[in-house]
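Inside the fold
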Amino acid sequence: MADKAQIQAAIKVQGEVVRKLKAEKANKEQIDEEVAKLLELKAQLGGDEGKHQFVLKTAKGTRDYNPKQMAIREKVFNTIVSCFKRHGAETIDTPVFELKETLTGKYGEDSKLIYDLKDQGGELLSLRYDLTVPFARYLAMNKITNIKRYHIAKVYRRDNPAMTRGRYREFYQCDFDIAGQYDPMIPDAECLKIVHEILSELELGDFRIKVNDRRILDGMFAVCGVPDEKFRTICSTVDKLDKMAWEDVKNEMVKDKGLSEEVADQIGNYVSMQGGMDLAERLLQDPKLSQSKQACAGLMDMKQLFSYLELFQVTDKVVFDLSLARGLDYYTGIIYEAVLMQTLPAPTPTSQEQNGAVGEDAGVSVGSVAGGGRYDGLVGMFDPKGKKVPCVGVSIGIERIFSIMEQKAEASAEKVRTTETQVLVASAQKNLLEERLRLTAELWNAGIKAEVMYKKNPKLLSQLQHCEETGIPLVAILGEQELKDGVVKLRTVATREEADVSRAELVNEIKKRTSES
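Residues numbered from 1 in each chain as written. Predicted model: local features only at pLDDT ≥ 70, side-chain atom pairs only at ≥ 80, totals over all residues. Heavy atoms only, no water.

Looking at an unreviewed UniProt entry, one finds the chain named histidine--tRNA ligase, with Chanos chanos as its source organism. Quoted verbatim from the Catalytic activity (unreviewed entry) field of UniProt, the annotation for the chain is "tRNA(His) + L-histidine + ATP = L-histidyl-tRNA(His) + AMP + diphosphate + H(+)". (UniProt positions renumbered as here; feature names shortened; annotations may be inferred.)

What follows is the structure, given as structure tokens:
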């Protein structure tokens, strides 16, 4: 361990870093991270008796959710799940860790982000990186050849977190997949319709869904002169076009990946193209690209896809974009990604630098909010006989969506309720605890969401204040006279109006009033 003088010097330096960040009004996550480092250094010095002081913090790239945040999150989940159910999906669950070999070799260059678990003297395990590979394993293991399922669960990536933009090491994914042998592009079109529905319902602002096809990309690489063995690695580089300028992407292709400038420039011509069905038709006539059978098959399917998207009335938001690559190795056909068009409330320079969101694209500072594609070969990788089950799916980027919803809630004056209590049972006089508890039980038994203060003789004012603070809309007030008359005084918190309601009618009256609000 470093000696005391060294640690004290480091504490001084780290203290300066924290002060500087606070003075510059840097983003909260960055300040918290540096404060945590400072606390760790102080803990190394130990307490008065040289005891190691425990630092209370969440692990890097993770976070707690307070009741207000959970209320917003629940609303988002409900919107997404009801959409999945509207489209006839059922749900499954899989273990949070898988055998390491299940995950190995499925994610291309991102494999380095997989969390391996320490060997517990048995199987070598890793935390799941996404929900798609476990789904493919589940299908192969249970010999399932067709299913339409959704799965909402946490996944883990040893990423460099940029928490201001909703990027974490532990985060939820919401997946919807259709497995089975069907006619081309019908399930694929439904996946895009689902993305359109969810993003529209959540009212996140204007968005675009970019689509491309792995076969078109591979065909393009082939006709431009990229060697076969470099397809996947060049694909990963093209995938960075939403974060880096073309010059930097070209640089990586030429200097790091060994392509000639001429080949890179040819790729550059294609990846700048965007359009709709018209672009697919134009590329089918392209003297170069039309030489690739693969690309032609992809382009024919793209035309078919756009005809279905027109029927689903979503073409206003969908764009055929040749620069879309999606770095994952398992995609075999159509690929897509949804991005928000508006800028979030001024992100700090640090969060942009971390993510390379610079230049004109800084407007899309939240990154992609949904993505997916067709992966016809993945299930076959797990089947002993290599039996393929065609699949297409979409993953909704819940954390990024949640970041936006949270910022919107903070910006608006609207109060987020964290409970669903409909009525507080209160009393205006002393010695009525038993009566309050009796009425509360009656309401609970009738399915009413009710609360009661945990005091024998609470003041009426403090009971009413509790309702104001937590947003409880109604108060059922008991007093000696009300008990004699067999009524309850029902008070509306917002308007302060009161009315006597007979005990027999109370449940119906509460239901009526709370369904109106």
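1. Here we look at the sheet that holds strand β9 (residues 334-340)
Within the open sheet, the 9 strands sit side by side as β1-β4-β5-β11-β10-β9-β6-β8-β7. Their pairing is mixed. The open sheet has two free edges, formed respectively by β1 (90-91) and β7 (274-275), since each of these has just one partner strand. Across 2 bridges, β1 lies against strand β4 (residues 147-156) in parallel orientation. Across the sheet, Glu-90 pairs through a bridge with Arg-149, a residue of β4. Strands in contact with helix α3 (residues 67-86) are β4, β5 (170-179) and β11 (391-396); relative to β5, the strand with the most contacts, it is inclined by about 10 degrees. (Pairing = 2+ DSSP bridges. Helix = DSSP H or I, 4+ residues; strand = E, 2+ residues; numbered from the N terminus. Contact = heavy atoms within 4.5 Å. Axes fitted to C-alpha atoms, helices over the stretch in contact; angles between N-to-C directions.)

2. A look at the pattern of salt bridges
Evaluation of the coordinates by the stated rule reveals 34 salt bridges. One salt bridge connects Glu-197 with Arg-86, and the closest N-O pair in it is separated by 2.7 Å. Of the two residues, Glu-197 sits in helix α6 (residues 186-201) while Arg-86 sits in helix α3, which places them 111 residues apart along the sequence. Under the relative-accessibility criterion, Glu-197 is labelled buried at 14%. On the basis of relative accessibility, which here comes to 47%, the residue Arg-86 falls in the partly exposed class. Between Arg-374 and Asp-376 there is a salt bridge, with the nearest N and O atoms lying 2.8 Å from each other. Judged by relative accessible area, Arg-374 falls into the buried class, the value being 14%. (Salt bridge = Lys/Arg side-chain N within 4 Å of Asp/Glu carboxyl O. Buried < 20%, exposed > 50% of the residue type's maximum accessible area, 1.4 Å probe, protein only.)

3. Quick notes on the domain arrangement of the chain
The assigned domain composition of the chain is domain 1 (4-48), domain 2 (67-344 + 363-411) and domain 3 (423-516). The straight-line distance from the C-alpha centre of domain 1 to that of domain 2 is 39 Å. (Domains from an automatic or database assignment.)

4. Some thoughts on the nonpolar core
Core analysis: the biggest nonpolar cluster contains 101 residues, and Phe-84, Phe-221, Ile-267 and Phe-320 have the highest contact counts within it. Non-local contacts of Phe-84, meaning those with residues more than four positions away in its chain, are made with Ala-89, Tyr-150, Cys-174, Asp-175, Phe-176, Ile-194, Ile-198 and Ile-396. (Core = buried A, V, L, I, M, F, W, Y, C linked by side-chain atoms within 4.5 Å.)

5. A closer look at the sheet that holds strand β15 (residues 487-492)
An order of β13-β12-β14-β15-β16 is seen for the 5 strands of this open sheet, with the pairing classed as mixed. In this open sheet, the two edge strands, each paired with only one partner strand, are β13 (450-452) and β16 (498-502). When the angles between neighbouring strand axes are averaged without regard to direction, this sheet yields 30 degrees. The pairing of strand β12 (residues 423-427) with strand β14 (residues 474-478) spans 5 bridges and is classified as parallel. Bridging across to β14, Val-423 finds its partner in Leu-474. Strands β12, β13, β14 and β15 of the sheet are contacted by helix α16 (residues 433-445), whose axis makes an angle of about 160 degrees with β12. Against the sheet, helix α19 (residues 506-516) engages β12, β14, β15 and β16, with an angle of about 10 degrees to β15.

6. Side note on α3
In this model, α3 (20 residues) spans 28 Å end to end at C-alpha, consistent with the 28 Å of a helix rising 1.5 Å per residue. Along α3, the positions that sit buried rather than exposed are Gln-69, Ile-72, Arg-73, Val-76, Phe-77, Thr-79, Ile-80, Val-81, Cys-83 and Phe-84. Here the buried face of α3 lies against β4, β5, α6, β11 and α15 (398-411). Capping the start of α3, Asn-66 holds a side-chain oxygen 3.1 Å from the backbone nitrogen of Lys-68, two or three residues further along. Two residues or fewer past α3, Gly-88 is found with a positive phi of approximately 80 degrees. (Expected span 1.5 Å × (residues − 1). Polar contact = N/O pair within 3.5 Å; in protein donor to acceptor, adjacent residues only side chain to side chain.)

7. Details of the pairing of strand β8 (residues 318-321)
Every second residue of β8 is oriented toward a common face, with Val-318 and Phe-320 on one face and Val-319 and Asp-321 on the other, all of them buried. Sheet analysis places strand β6 (residues 207-213) next to β8, joined by 3 bridges and oriented parallel. Opposite Ile-209, over in β8, you have Val-318 as the bridge partner. Examined bridge by bridge, β7 and β8 share 2 bridges and lie antiparallel to one another. Within β8, the position partnered with Gln-274 by the bridge is Asp-321.

8. A short note on the packing of helix α8 (residues 231-238) against helix α9 (residues 246-256)
Contact pair α8 / α9: the axes reach a minimum separation of 9 Å and the direction vectors enclose 160 degrees. Classified by the interaxial angle, the pair formed by α8 and α9 is roughly antiparallel. In this structure, the crossing between α8 and α9 has a hand that is right-handed. For the pair α8 and α9, contact is made by Ile-234, Thr-237 and Val-238 and by Val-249, Glu-252 and Met-253, respectively. Residues belonging to the contact of α8 with α9 are distributed by class as follows: 4 nonpolar, 1 polar and 1 charged. (Parallel < 35°, antiparallel > 145°, perpendicular 65-115°, else oblique. Left-handed = near helix turned anticlockwise from the far one by under 90°. Nonpolar A, V, L, I, M, F, W, Y, C, P; charged D, E, K, R; others polar.)

9. Things to note about the state of the cysteines
Note on terminology: a disulfide is the covalent bond linking the sulfur atoms of two cysteines. Across all of its chains, the model carries 0 disulfides by this definition. This cysteine, Cys-391, is not joined by any disulfide, and Cys-191 carries the nearest cysteine sulfur, 10 Å off. Judged by relative accessible area, Cys-391 falls into the buried class, the value being 0%. (Disulfide = S-S within 2.5 Å.)

10. Comments concerning the side chain of Arg-63
Its place among the elements puts Arg-63 in the loop between α2 (28-45) and α3. Separated by 3.0 Å, the side chains of Arg-63 and Tyr-168 make a polar contact.

11. Here's the deal with the packing of aromatic side chains
All told, the structure shown has 7 aromatic pairs when counted by the stated rule. A ring pair is formed by Phe-84 and Tyr-150, whose centres lie 5.5 Å apart and whose planes are at 35 degrees; its orientation type is tilted. With Phe-84 in helix α3 and Tyr-150 in strand β4, this residue pair connects regions lying 66 residues apart in the sequence. The two residues Phe-84 and Tyr-150 agree in class, both being buried. Linked through ring pairs, Phe-84, Tyr-150 and Phe-176 together constitute an aromatic cluster. Here Arg-73 stacks its cationic end above the ring of Tyr-65, 4.2 Å away from the centre of that ring. In this arrangement the basic side chain of Arg-73 is found over the ring face of Phe-402, its NZ or CZ atom lying 4.7 Å from the centre. (Phe/Tyr/Trp six-rings, centres within 6.5 Å; stacked < 30°, edge-to-face > 60°. Lys NZ or Arg CZ within 6 Å of the ring centre and 35° of its normal.)

12. Notes on unusual backbone geometry
One non-glycine residue, Met-185, adopts positive backbone phi at about 75 degrees. Assignment of secondary structure puts Met-185 in the loop between β5 and α6. A positive phi angle, near 65 degrees, is found at Arg-496, a position not held by glycine. By the secondary structure assignment, Arg-496 is in the loop between β15 and β16. Judged by relative accessible area, which is 56%, Arg-496 ranks as exposed.

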